[in-house]
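Reading the structure
So you can see what is in the structure, the chains are spelled out below.
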Amino acid sequence: PDSEWGQTALVKYAIVQLQATVTAEETARRYQRLVELEPRLAEPSARRDFHLVLAAACFQHGFGREAALRHPLIAEAAGVKQPIRAATVQIQIAELSRELGHLPQARAYYERFLAEAGEGDTRALLVKERLATLPAGAKP
């Protein structure tokens, strides 16, 4: 399980478990079992990919906004290297943070998105609009 292949296999296992056509209850059970496997992920790239898979499952199956926020935060901390993927993760974190009332964190991720993705990203206007709606006291 500690090898690179074992770590990669765990990510693939998560994909297979969460994309199978099963009942909503079974999908929720599978998600919970996968969350219990998190400590086995020592490799940063496997941890990143695993949490991106679990974040997608949270959105797709409605496992809650707190869980949906937790996974991209862990993935981002593990290092999302691809610029488009990194920008998407930053927006996910910012939007979920805003919705959950974590306004300083939302502001920080919106600003980071603008600094890193810049005006060339079509989502920049939305991000600027979101920043304008945050209270002045929502400084990171």
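For the structure, see preceding data.
Residues numbered from 1 in each chain as written. Predicted model: local features only at pLDDT ≥ 70, side-chain atom pairs only at ≥ 80, totals over all residues. Heavy atoms only, no water.

Some thoughts on the packing of helix α4 (residues 65-79) against helix α5 (residues 83-99)
The line we're drawing: Whenever a helix is involved, its axis is fitted only over the stretch in contact; in every case the axis is a line through C-alpha atoms, and angles between N-to-C directions fall within 0 to 180 degrees. Each helix is a run of DSSP H or I of at least 4 residues and each strand a run of E of at least 2, with the numbering of both proceeding from the N terminus. Handedness of a helix crossing follows the sense of rotation of the near helix relative to the far helix, less than a right angle counterclockwise being left-handed and clockwise being right-handed. Here, residues are in contact when the closest pair of their heavy atoms is within 4.5 Å. Side-chain classes are defined by residue name, with Ala, Val, Leu, Ile, Met, Phe, Trp, Tyr, Cys and Pro counting as nonpolar, Asp, Glu, Lys and Arg as charged, and the others, Gly among them, as polar.
Two elements in contact, α4 and α5, have axes separated by 9 Å at closest approach and are oriented at 145 degrees. The two elements α4 and α5 meet at a crossing, and its hand is left-handed. Contacts between α4 and α5 involve Arg 65, Ala 68, Leu 69, Pro 72, Leu 73 and Glu 76 from the former and Val 89, Gln 92, Ile 93, Leu 96, Ser 97 and Glu 99 from the latter. Of the residues belonging to the contact of α4 with α5, the class tally is 7 nonpolar, 2 polar and 3 charged.

Regarding the nonpolar core
To keep things clear, this is the line we draw: Residues belong to a common nonpolar core when they are buried Ala, Val, Leu, Ile, Met, Phe, Trp, Tyr or Cys residues joined through side-chain atoms within 4.5 Å. The buried label goes to any residue with under 20% of its type's maximum accessible area, the exposed label to any with over 50%, and the partly exposed label to all in between, with areas taken from a 1.4 Å probe on protein chains only.
By size, the foremost hydrophobic cluster in this structure holds 33 residues, and its most contacted members are Leu 18, Phe 50, Leu 54 and Tyr 110. Elements with a minimum of two residues in this core: α1 (4-19), α2 (24-36), α3 (44-61), α4, α5, α6 (103-117) and α7 (124-133). With near-sequence residues (within four places) excluded, Leu 18 lies in contact with Thr 27, Tyr 31, Leu 34, Val 53, Leu 54, Ala 57 and His 61.

Side note on α4
Residue pairs spaced three or four apart in an α-helix point in one direction, given the helix's 3.6 residues per turn. So the rule is basically this: To estimate how far a helix should reach, multiply one less than its number of residues by 1.5 Å.
Taking 1.5 Å of rise per residue, the 15 residues of α4 would be expected to cover 21 Å, and the 22 Å separating its terminal C-alpha atoms lies within 8% of that figure. Within α4 the residues assigned to the buried category are Ala 68, Leu 69, His 71, Pro 72, Ala 75, Glu 76, Ala 78 and Gly 79.

A word on the pattern of salt bridges
Worth spelling out the cut-off: Criterion for a salt bridge: a side-chain nitrogen of Lys or Arg within 4 Å of a carboxyl oxygen of Asp or Glu.
Evaluated as defined, the whole model comprises 13 salt bridges. One salt bridge in this structure joins Arg 98 and Glu 95, with 3.1 Å as the shortest N-O distance. You can see Arg 98 and its partner Glu 95 sitting in helix α5, 3 residues apart, about one turn around the helix. On the basis of relative accessible area, Glu 95 is assigned to the buried category, the value being 13%. Here Arg 107 ties to Glu 111 by a salt bridge, and the two come within 3.6 Å at their closest N and O atoms. Note that Arg 107 and Glu 111 are positioned in helix α6 at a spacing of 4 residues, about one turn of the helix. Its relative accessible area of 8% is what places Arg 107 among the buried residues.

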